[in-house]
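Residue-level structural notes
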Amino acid sequence: MKGKLALDGGNPVRREMLPYGRQTIESADVEAVRQALQDDLITTGPRVDAFEEAFAQSVGARHAVAVSSGTAALHCAVQALRLSPGDEVIVPSMTFAATANAALFVGARPLFADVDPETLLIDPASLDRLLGRRSKAVIAVDYAGQPCDYPALGELAGQRGVALLADACHAPGAQLDGRPVGSLAEMSCFSLHPVKHLTCGEGGMITTDDAGLAEDMRRFRNHGISLDHRARRRKGSWYYEISRLGYNYRLTDIQCALGLSQLSRLDSWVARRRAIAQAYDQALSGMEAVRPLKVRPGVEHAYHLYVVRLDLDRLRVGRTQVFQALRAEGIGVNVHYIPVHLHPFYRRELGTSEGLCPNAEAAYQDILTLPLFPAMAQADQSDVLTALQKVLHAYRR
Ligand SMILES: *Cc1c(COP(=O)(O)O)cnc(C)c1O
């Protein structure tokens, strides 16, 4: 176990790279897609409604709107707020760039909130400091699959008349105090990318209890057309109306067939993710120089990611070296995320720089994402732990 590191020419723990995440496609999925391909309507057909209904039900929301990606979902949700140029949308910096871009798509300005160092979730105190006259919305990110502190965020947002949205791309199947993610904010956005819990190849979903918002987003995903072709057919009419600017963000019936089939296994996949995470927790409690993120009380975690923090005081090298050594051992670790405000684009366009979000910036120096996906075998997880021990031992101070 303690042999020479693969990075230094030793034998790697495994030959084939274990990815940090990957989709699970079963024969039922293939069959569902095959059937969809043989139907008359391969887009905007019955499978879209069926998938939306099943998804809404699974997260305890009244409505779900299927779109072509998680990014499109965020765009749909933010545009439904009808912001004006100069309005501000507060997002955590520890997220994927699409969260912030959703504000930019509609001409609003993203402001970057800092995160709690223990959980890397948006810190309500940081949000409180940023809320001002031009604030119109906050997009909370359920980082790694852990729901944010929605009661605290909702109270702040409510006091200021600001909309509370959820970027729940990491968290289908998660719960807070017994309430599912997808029902905790005004609108919640999900991604159906292969690395996420459920996949359509590409895809996204927005859930809401508000029928007006759902209708608005359905128009926006379809060129701003006020009646879709099914409604037109019911009317027996050639007529349609473009009432506003829209996009083509539709999800096909082929994709919805896959999504619907996948959705039936969400619960068992989340259970499997939790079991893998629990085994990591246990193994890590006996290791030096590495610890998992904290899970808040009342949280049922969905574990899109299993993120650890390295104790760099106990190591002779930085995170980058540990990352490279683990990759050389065949372990596909990753880093989620580079704080958004540090990317060149946001520095240039928004004038952001180091020091804006100290907790996110400090975390970025020492976080690592370990492989975690439902189809991962026990032997795969043992390889991760073996490699982690080997690398941390070699680099201990
Ligand atoms: C994946 C992801 C997105 C974007 O989803 P796509 O389907 O890739 O467009 C947005 N926000 C977060 C937090 C994500 O993880």
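Residues numbered from 1 in each chain as written. Predicted model: local features only at pLDDT ≥ 70, side-chain atom pairs only at ≥ 80, totals over all residues. Heavy atoms only, no water.

Points about the overall build of the protein
Across its full length, the protein holds 14 helices and 13 strands. Principal-axis analysis of the C-alpha atoms places the extent of the protein at approximately 75 × 55 × 40 Å. Sequence separation of 24 or more characterises 73% of the internal contacts of the protein that already satisfy a separation of 6 or more. Counting only carbon and sulfur atoms, one obtains 49% of the accessible surface of the protein, whose full area is about 16900 Å². For the protein, the separation between the mean place of its 44 positive charges and that of its 44 negative charges on side chains is 3 Å. (Helix = DSSP H or I, 4+ residues; strand = E, 2+ residues; numbered from the N terminus. Contact = heavy atoms within 4.5 Å. Areas by Shrake-Rupley, 256 points an atom, 1.4 Å probe, with all protein chains shown as cover. Lys, Arg positive; Asp, Glu negative; His and termini not counted. Charge placed at Lys NZ, Arg CZ, Asp CG, Glu CD.)

Describing unusual backbone geometry
Note the cis peptide between H336 and Y337, where omega equals 5°. Take Y337: it is sitting in the loop between α11 (319-328) and α12 (344-350). If you check the backbone angles, R82 has positive phi at about 55° while not being a glycine. Relative to the helices and strands, R82 resides in the loop between α3 (70-79) and β2 (88-92). With a phi angle near 50°, D177 is a residue other than glycine that sits in the positive phi range.

A look at the packing of aromatic side chains
A complete count under the given rule lists eleven aromatic pairs for this structure. An angle of 65° between the planes, with centres 6.2 Å apart, marks the rings of F220 and Y249 as edge-to-face. Pair noted here: F220 is in helix α7 (residues 211-220) and Y249 is in the loop between α8 (229-235) and α9 (253-263), with a separation of 29 residues, a long-range link. Here Y280 and Y306 contribute two aromatic rings whose centre-to-centre distance is 4.7 Å and whose plane-to-plane angle is 35°, an arrangement assigned as tilted. A residue pair is termed long-range when its members are at least 10 positions apart, and Y280 in helix α10 (residues 266-284) and Y306 in strand β12 (residues 306-310) qualify at 26 residues. Of the two residues, Y280 and Y306, neither departs from the other in class, the shared state being buried. Through a chain of ring-to-ring contacts, the aromatic side chains of F51, F55 and F190 assemble into a single cluster. (Phe/Tyr/Trp six-rings, centres within 6.5 Å; stacked < 30°, edge-to-face > 60°. Buried < 20%, exposed > 50% of the residue type's maximum accessible area, 1.4 Å probe, protein only.)

Re the environment of F105
With respect to the element layout, F105 can be found in helix α4 (residues 98-105). With 65 residues separating them in the primary sequence, F105 and H170 have C-alpha atoms 22 Å apart. Apart from residues lying up to four places away in sequence, F105 is in contact with T71 and H75.

Concerning the site of the ligand
Around the ligand, a shell composed of 15 residues is seen, among which G70, T71, D167, S191 and K196 lie nearest. Within the side chain of T71, a nitrogen or oxygen atom sits 2.6 Å from an oxygen atom of the ligand. Burial of the ligand by the protein chains amounts to 91% of its free accessible area of 380 Å². Taken together, the elements giving at least two residues each to the shell around the ligand come down to α3 and α4. For the shell around the ligand, the element with the highest residue contribution is α3, accounting for three residues. Residue classes in the shell around the ligand are distributed as five nonpolar, eight polar and two charged. (Near = heavy atom within 4 Å. Polar contact = N/O pair within 3.5 Å; in protein donor to acceptor, adjacent residues only side chain to side chain. Nonpolar A, V, L, I, M, F, W, Y, C, P; charged D, E, K, R; others polar.)

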